[in-house]
Amino acid sequence: MKKTDSFEASKKTEDLSMNTENAEGQLLTSNHGLPINDDQNSLKAGERGATLLEDFILREKITHFDHERIPERIVHARGAAAHGYFQVYESMEKYTKAHFLQDPSLKTPVFVRFSTVAGSRGSTDLARDVRGFAVKFYTEQGVYDLVGNNIPVFFIQDAIKFPDLVHAVKPEPHNEIPQAASAHDTFWDFISLMPESMHMIMWTMSDRAIPRSYRMMEGFGVHTFRFINADGKSHFVKFHWKPLLGVHSVCWDEAQKISGKDPDFHRRDLWEAIENGAFPEWEFGVQLISEDDEFKYDFDLLDPTKIIPEELVPVKKIGKMVLNRNPDNFFAETEQVAFHPGHIVSGIDFTNDPLLQGRLFSYTDTQLIRLGGPNFHEIPINRSVAPVHNHQRDGYMRQTINQGRVSYNPNSLGGGCPFQAKAMQGGFQSYTERIDGKKIRGRSKSFFDHFSQATLFYESQSEAEKQHLTDALRFELGKVETIAIRERMVGLLSQINKNLAKNVADALGLKVPETLEQPVNHSIPADGNPEDYQPVAGKPPVKKSEALSMNSTSKNTIKTRQIAVLAANGFDEKSLNDFKKALEKEGAMLTIIAPKLGTIKSAGGNETKVNQSLLTAASVLFDAVFVCAGGKSVETLLEEPDAVEFVDEAYKHCKPMAAVGDGVELLKASNRIKKELGKDTSLPLGILVDKSPEEFVSAIAQHRFWEREKKDKHLN
Ligand code: HDE
């Protein structure tokens, strides 16, 4: 029995089981149930003759194959997903009547898809990109989709700019280059003309855009939504997912190398964690703002380029989500799942955020082309566990067999069924928001402060994070060929933070203009007066926000961390066993890496299985490195350039490393480490020689020792 089977079968799992198929012990058949006798040869006129048109078995097989592909998602094409459940900690009745947020004993099934945005279906997981974080709750009152990202703001304020943004970031249309990368001219051309994107750019240039794992990312609903309680009272709400493993990232050099060594790194990581029973968990958090406080802040709650700092409105953790089952079939589930921010339940409602309003149109529309028609809600993964009764009928691939002659409302022939649901029966009622105003194409002035929260984000970062963000901009703009685009970007960055602009400009061979002119906003109507559309200088809502820095994330666990153990024949069994025991006790996963596959013999003559050879393993795929003691083992490893490169790279990427006994000799074979070890008697941060396994556990929990990196002089 698979570990995941031991978990309580959820309602959705039962529902899906009606459509699952298992061929174990069965005869091969055609799609129409005819047992097939020969699946190796087509029907021919004579042994060497032409294939006959009559061969319905061949034709069925090839025709189905020819039609196997559907269009990939226009954005978020590359993804991975898992099943699980959500449970609220205490009733949220005071704020919302949403049924799944009332009863702490209720487990609501969920299906969650994580994704990158720009790359195509086969692109690398480690692109510098936003990650999608889409959750489908199969509630007893219908499907609720929380279609969020791992970054709490967005590039643009109005849905009408979305096709422009996506065209700019996708591979350039003349040569389809580059794949899954924003480091090219069209993206930065667009961005450099759109000051409203600056806050999001700070996030996407930070290490948040290269997560260590989907399991170590935050999720955000981005827009402000509404909670509505049974009395019809509304609260504004922002949604958060907080991973229990903390928020962690890799570094850019590593990301680029992982893309070559294992482009499925995140997909594999999610899959393996669940198969191993290390179920990923997130706490669900809400920031609640009363209706009366709508205009209390310097920023507009409807502006999706703004956060509400947690210092102003704390995140209240109201529940937990656990992912405990991998999909049975990637296409049927992960590919065919159709999310839509408009799939909501009573107790939750929208606001007038103009980005959200546009999304409410887009998602159903895109499923119509992607999944081929209006019945995509009947596909098993999309099917509601709450019963569905209405007068919608027919269309391609209709599955439901509606009985009776009535498909209209009002009707008397069907006894008036199905009945409209009263509010107390869960009938959805839109929030009766008062709207007074002229019909205009325009944007509220309250959306015009484009820089203060970008500054807040930058200034809330740790030194190492600032350095990485600076380097990311240097990399991305360094790949841009048009000098004028780079110059415009330096101008915009100087509005955020002068040192940041200077450090980026230096690397690009540019100068920051002495006098900082207001940047021009090019996103204005043809007859608009540019003066009316200039960004306004706002004040950051708080000076610093700890929650914005990954440095302040929880660093108290090494659960599921991947530890590389370098060893060869003659290794010291005791030191390996001591470390193995201590690390595995804390939930880490060890991989024994040796020059060749098979087994290695300890100095005492006992055999241990090798999990990977130096040829198939790579330092960038691990969180930490342990070098076993044992003179002969270390001697062998020293003769392997791949072993030396392994520790050298782990050092470069600031990973915790431990060596016991002669193991330190392998570390010293790396020039970088030797230089550092030679500096004084104390060891460089995160390098543990002849230390206890427990000290190694604490070092791994720190994730990285960024202090090892070279820093710019002017960072702040
Ligand atoms: Fe999406 N987005 N989006 N988006 N989005 C899609 O729907 C769109 C936006 C997000 O795993 C598409 O089924 C518009 C913000 C996720 O299947 C499409 C606008 C946020 C996913 C679409 C936005 C998201 C999508 C493409 C601006 C974070 C993947 C395929 C108005 C809050 C869901 C599809 C999955 C997917 C449109 C902006 C998140 C075309 C028009 C902001 C996680 O409908």
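Residues numbered from 1 in each chain as written. Predicted model: local features only at pLDDT ≥ 70, side-chain atom pairs only at ≥ 80, totals over all residues.

Going by an unreviewed UniProt entry, the chain carries the name Catalase and comes from Emticicia agri. Quoted verbatim from the Function (unreviewed entry) field of the UniProt record, the comment on the chain reads "Decomposes hydrogen peroxide into water and oxygen; serves to protect cells from the toxic effects of hydrogen peroxide." Annotation of the chain in UniProt includes, under Sequence similarities (unreviewed entry), the sentence "Belongs to the catalase family. HPII subfamily." (UniProt positions renumbered as here; feature names shortened; annotations may be inferred.)

Colleague: Would you explain unusual backbone geometry in this entry?
Modeller: Note: most peptide bonds trans; most residues except glycine with negative phi. A cis amide bond links Asn409 with the next residue in sequence, Pro410, at an omega value of 5 degrees. Structurally, the position occupied by Pro410 is in the loop between α9 (354-370) and α10 (452-459). Omega for the peptide link from Cys417 to Pro418 comes to -15 degrees, which places this bond in the cis form. Along the chain, Pro418 turns up in the loop between α9 and α10. In the Ramachandran plot, Asp690 falls in the positive-phi region, its phi being about 55 degrees despite a non-glycine side chain. (Helix = DSSP H or I, 4+ residues; strand = E, 2+ residues; numbered from the N terminus.)

Colleague: So what exactly am I meant to see when it comes to the UniProt feature "binding site: heme" (unreviewed entry) in the chain here?
Modeller: Mapped onto the present numbering, the UniProt feature "binding site: heme" (unreviewed entry) falls at Arg73, Arg113, Phe162, Arg359, Tyr363 and Arg370. You can see Tyr363 is positioned in helix α9. Of the residues examined, Tyr363 has 16 C-beta atoms within 10 Å and is grouped as partly exposed. Excluding anything up to four places from it in sequence, Tyr363 contacts Phe339, His340, Pro341 and Gly342. Relative to the helices and strands, Arg370 resides in helix α9. Once residues lying within four places of it in the same chain are set aside, the contact partners of Arg370 are Ile70, Pro71 and Arg73. (Buried ≥ 20, exposed ≤ 12 C-beta atoms within 10 Å, placed from the backbone. Contact = placed C-beta atoms within 7 Å.)

Colleague: Got a minute to help me understand the pairing of strand β6 (residues 225-228) in this structure?
Modeller: The alternating pattern of β6 places Phe225 and Phe227 and Arg226 and Ile228 on opposite faces, both of which are buried. Where β6 meets strand β7 (residues 234-243), 4 bridges bridge the pair, whose relative direction is antiparallel. In the strand pairing of β7, Ile228 is matched with Ser234. Counting the residues between successive antiparallel strands, the hairpin from β6 to β7 contains 5 residues, one of them, Gly232, with a positive phi of roughly 85 degrees. With 2 bridges joining them, β6 and strand β10 (residues 348-349) adopt antiparallel strand pairing. (Pairing = 2+ DSSP bridges.)

Colleague: What should I look at first to understand the UniProt feature "domain: Catalase core" (unreviewed entry) in the chain in this one?
Modeller: In the numbering used here, UniProt assigns the feature "domain: Catalase core" (unreviewed entry) to residues 29-417. The distance separating the terminal C-alpha atoms of residues 29-417 is 42 Å; by composition the span is 20% helix and 19% strand.

Colleague: What is the right way to read the packing of helix α4 (residues 185-192) against helix α12 (residues 483-496) from this model?
Modeller: The packing of two helices is summarised by the inter-axis angle and the distance between the axes. Where α4 contacts α12, the two axes come as close as 9 Å, and the packing angle between them is 40 degrees. It follows that α4 is oblique to α12 by the angle criterion. Between α4 and α12 lies a crossing of left-handed hand. On the side of α4, the interface is formed by Asp185, Trp188, Asp189 and Ser192, while α12 contributes Ile485, Arg488, Met489 and Leu492. (Axes fitted to C-alpha atoms, helices over the stretch in contact; angles between N-to-C directions. Parallel < 35°, antiparallel > 145°, perpendicular 65-115°, else oblique. Left-handed = near helix turned anticlockwise from the far one by under 90°.)

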